[in-house]
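If you want the building blocks of each chain, they are given just below.
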Amino acid sequence: MTFFRFYFLVFSTVFFSIFTVCHAGNQSVPHFNLSEIGQTDISNRLPFYSVNSEKHSTPTSLPELNRLLSRLEPHKKTNALGDTYLTVFTLVNDGDQTAWFIYPFGSVVEHINVSIFNHFPFNSKAQTISTGQLELNSQDFHYGVPITLDKGHSITVLMLFKSEYFFAPIKIQIRALNELSQQFNIENVIMLLCLGVCMALAVYNFFIFFVVRQYQYLNYALATFCFALGWASIFGLPEHLGLGVSTALLMSSFILGAVFYSLFFIQLLKMHETSAKTAFILKAVALLCIPTVFIAAYNPGIGLYLASVSTSVVMFIGLYVGAIAWYRGSITACYFTCALLAVLAPNAVGNFINLGLLPSYNLNIYLMGLIGNSLETLLFAFAISVKVREVAIRNLDLTLNLEKTVEQRTNELKQLNKELEQSNIELVEASLAKGRFLASMSHEIRTPLTSIIGYSDGILLGDIDKAEQDRVIKIIGDNGSHLLSVINDILDLSKIEANKLDFEFIPTSLFSILGQIESVVGTRARDKGLAFHIDYQFPLPSEILIDPTRLKQILFNLTNNAIKFTEHGFVGLTVKTEEQALVIIISDSGEGIAPSHLDKLFEPFTQADVSINRRLGGTGLGLSISKRLALGLGGDIQVKSAPRKGSSFTLSFTLRETLNTIWISSVGEICLAKPEGKSAPDNLPDFNGTRVLLADDHANNRELITIMLKRMNISVVDVENGEQVLEALFYQKFDLILLDIHMPKMDGLVALQKIKALGNITPVVALTANSMNHEVQYYLRLGFNDHLAKPISRTQFIDVLSRYLSISNSVQPLINRNDMLALTRDYQNDLRIQLSKFEAARKTKDIKKIQLLAHRISGSASSFGFDLLGKEYAELEYSATQEDELAVTRELPRIMRLTRQCIDLPLVDIPLGITNHSNSIEQLLKALSQLSNDIDNYLSHFQLSLTEGAVSSTLIAITELKFKLDQCGLYAAKVTLEELETLLKNDIVDNAKSTLLVIELDNQFRALRNFLVSTSAKNRT
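Predicted model only: the values in this text are computed from it and were never measured.

Asks: I'd like a description of the pairing of strand β17 (residues 647–654), backed by residues and values.
Replies: The sheet contact formed by strand β15 (residues 581–588) and β17 spans eight bridges and is antiparallel. Among the inter-strand pairings, L582 is bridged to a residue of β17, identified as F653. Across seven bridges, the pairing between strand β16 (residues 635–641) and β17 is antiparallel. Its bridge partner lying in β17, D636 is registered against S652. Remark: five residues form the turn of the hairpin made by β16 and β17, two consecutive strands paired antiparallel; R644 in that turn has positive phi of roughly 65 degrees.

Shown next as structure tokens:
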């Protein structure tokens, strides 16, 4: 059997050699017995052929391979900037080992395609395996492919090298897989260890830099990091970790490392002092290297040369400077020079091989370079340590020399130290005070948040009826205002640092504050099942000088604490005056406090009963805060309590009256204590001496705009069509023209063309209800200087006028309320006239007439508060413009019904209501609808309060409702309510008459509600 295998091997080898010679012409394929080549590099024994990837395709069988070789030219020299070539050889396994590895090494190559051709059968398809920098390699961090070749068998191997860069001549080995795997594992461990050392030193020196802020550590860390990143990219570590292709980092990292090393050399060796010229050269080299970083990132082939030159230049300059410093006796320079020699030895050899100045050696030059680089970083670290040691020794010498001076200064500093110690004590106390204050404020924030969050959740979750929502929203608003005041104090750091709060004594309504307390705290008490009352012991002042925020803080703290510690019974306030003091007593029927706890009750973080604290929560800050605030107000808080007998906290402070203080002697006079708010006048600029031409076909519009312009001292000429505009411009000169677009006889567009044709340069502003963006742009393209949308916006109106008119220094009100009210009444009457015209046009189906009437209203309604009608008539105008008779016929009756509703609401002064609701009928209708929904709650409250004799509560509700009636223009209901109010203020509780008045109110609102419901139903129909 052995004899047969031997002759079979000889025969197959001779046959394949003859076949190859016959088919390959002059191209011979070298043969290698695996037992002969061992660990040798066979690349210098192989023929290489240039390949054009566009002309030559990769063969898939031996006949195709032979034909390809016959057409290829020899490859003489590899182009480092990118090349494609191949080599072919035959392997004969004449040993017992079957697992082999084809190992190309010594260069960085993007793609290596290895095709294996089996000799039998001859036409069998080749097996192709890819390896390289951008491929997934079977051996980590090493190129090559494993093959299986049985004893006595042979294969032909084609290796195609394709890359945009070649860093060195390629070398090829074919070795046993198990032997090579052991070598690879050792090299991988060495490689990862070296990279780990470099990265650890880089990170360590980064931390040192952030501590000492010396840039030599930063530059050393950055250089080490860059070199480690470059070596990691060469070995394909980023690709192996799945971080993406690192081609851009191959050479650019080394150039950037050379830049940072240049700066590191200058700082470590103090070259500015010892060798200024060399330092300048190194800086210049670093500066020149910076642009090459981007070139190397874009083209690694060119980057190879740039990196080889830049690193070599920097290293050799550093070696020169280090040798001189070593010669002069610097121990730092000794380690520095040794470090450069350690990296130059392997890397210089590698660089010279890359440049073609040295022949290729059968060794892993990149691993040797990485080892040298790692040794260099270690030696540089030793050099830095030695330098630090030298600096420390010098500092020690300076310290010894300065001992005498320090001793002389010691006595002088003793006194200063005492002063500093005192300052430190004060700072510590201030810091503790700050902490206490912030802790106190956290308690203050949580108190109003309880009501805000609780009531908000109740509204959102539907737990609170819509009828109660107005009252609840008011409670939320009161708590929000209180919370805002507390937060403002927290943010005032100057108050915290000074350990004191500023108290602002301003005129304050006493009953307004007590009303807020009753609104918020009373609700909480009743929700818990407790009775709540305020006992006014008259006479009491309506207004006092006090800090309202601090007073509310105290009252909220004390009342909330009372509710918190009271499970059954009541919580109440008693308000009275004693001598020259105002006294407010907060009493409850709660748990009470033991006498032993009363002394520490007002200390921070102290509570009388720890078990209750665990059960109910709290920090024990409320009473401490209240005590401090009471002292700040010039008063104090005293407490009386006994276990299971409730508690009584007495707040008293000096009574300070104001000039407007009224002494209240009964509940009926409480409403006198609530001052009405005063609104600031609305002002606008003065354009005295300017003239404006106003053109609008709607008389009401012209009257409104004219009043607004005259309020700003503008001389106005108003006309109603384009022909009158041209006539006015012929006789007079104006500073600005306000031109309506849609007008009879001659519209604004035609008028503008004629104005421009006459050569008139007066600015023209388009005045129209058409305010869509494309419409505005269209008007501007036609030649209008600006645009004003109807209804007129005050801000926009002033802005436009300010662009074209000269402003004087004085300001005055825009338009007073009475003028606006009169204009709205006139427009209400005009709408009645327009309705009759609509009715006539509807009967005759005059679409053109309906369009003109709709345009008249759509452009003016919003200016006089009938905004709801303006929208409807704008849509009607559009339908009429499109001659959509069906839509006009369908919509006109509904719009007319809506118009009658807006101008003929029963028992409502519509112009007054519109004026009071931001000049909007839509807002007035919403307010009326809401009020009609809420009125039942008010009436029920009146009946219940009158039955129980709660006159004070009824008067407060009457005041609130009367304001709403006045705002909505419900004059008849307001008169009825005022009669009820007069009855109660005179201390006449006539239940029969009061009940009649309440019934009369109910009937009035019932009529309004029925009208709103029926009209809405018709509108929907």
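Asks: Run through the pattern of salt bridges, naming residues and quoting values.
Replies: Enumeration according to the criterion identifies 13 salt bridges in this entry. In this structure, the salt-bridge partner of R702 is E720, at a minimum N-O distance of 3.9 Å. Taken together, the residues R702 in helix α20 (residues 699–711) and E720 in the loop between β21 (714–719) and α21 (722–731) connect sequence positions 18 residues apart. Assessed through its relative accessible area of 12%, R702 is described here as buried. The class of E720 is partly exposed, set by a relative accessible area of 35%. One salt bridge connects E872 with R894, and the closest N-O pair in it is separated by 2.8 Å. Placement of the pair is E872 in helix α27 (residues 867–881) and R894 in helix α28 (residues 885–903), with a sequence separation of 22 residues. Comparing E872 with R894 shows no difference in burial state: the two are buried. Residues participating in the shared-partner salt-bridge network are E872, R890, E891 and R894.

Asks: Just give me the short version of a nonpolar patch on the surface, but keep the residues and values in it.
Replies: On the surface, a nonpolar cluster with roughly 430 Å² of combined accessible area is contributed by I331, Y335, L375, L378 and F382. Listing elements by their share of the nonpolar patch, those giving two or more residues are α11 (331–354) and α12 (365–461). Broken down by element, the residue count for the nonpolar patch peaks at three residues, all from α12. Tracing the chain through its elements places L375 in helix α12. When its relative accessible area of 43% is taken as the criterion, L375 is described as partly exposed.

Asks: Just give me the short version of the environment of Y217, but keep the residues and values in it.
Replies: Secondary-structure assignment places Y217 in helix α5 (residues 215–234). For Y217, a relative accessible area of 7% gives the class buried. Measuring from C-alpha to C-alpha, the distance between Y217 and I384 comes to 8.5 Å, with 167 residues separating the pair along the chain. Every residue in contact with Y217, bar those within four places of it in the chain, is listed here: N205, I208, F209, V212, I384 and V388.

Asks: Kindly report on the sheet that holds strand β7 (residues 145–148), identifying the contributing residues and their values.
Replies: Think of a sheet as strands paired side by side through backbone hydrogen bonds, with each pair either parallel or antiparallel. Strand order across the open sheet formed by three strands is β7-β4-β9, with antiparallel pairing between neighbours. Of all strands in the sheet, those bounded by a partner on one side alone are β7 and β9 (171–176). Neighbour-to-neighbour, the strand axes of the sheet open up by a mean angle of 25 degrees, direction not taken into account. Looking at chain direction, strand β4 (residues 99–105) and β9 are connected through six bridges and run antiparallel. For F105, the partnering residue across the bridge sits in β9 and is K171.

Parameters and conventions
Residues numbered from 1 in each chain as written. Predicted model: local features only at pLDDT ≥ 70, side-chain atom pairs only at ≥ 80, totals over all residues. Heavy atoms only, no water. Pairing = 2+ DSSP bridges. Helix = DSSP H or I, 4+ residues; strand = E, 2+ residues; numbered from the N terminus. Salt bridge = Lys/Arg side-chain N within 4 Å of Asp/Glu carboxyl O. Buried < 20%, exposed > 50% of the residue type's maximum accessible area, 1.4 Å probe, protein only. Patch = residues over 30% accessible without salt bridge, like charges linked within 9 Å, V, L, I, M, F, W, Y side chains within 5 Å. Areas by Shrake-Rupley, 256 points an atom, 1.4 Å probe, with all protein chains shown as cover. Contact = heavy atoms within 4.5 Å. Axes fitted to C-alpha atoms, helices over the stretch in contact; angles between N-to-C directions.

Scope: geometric values only; no functional claims are made or implied.
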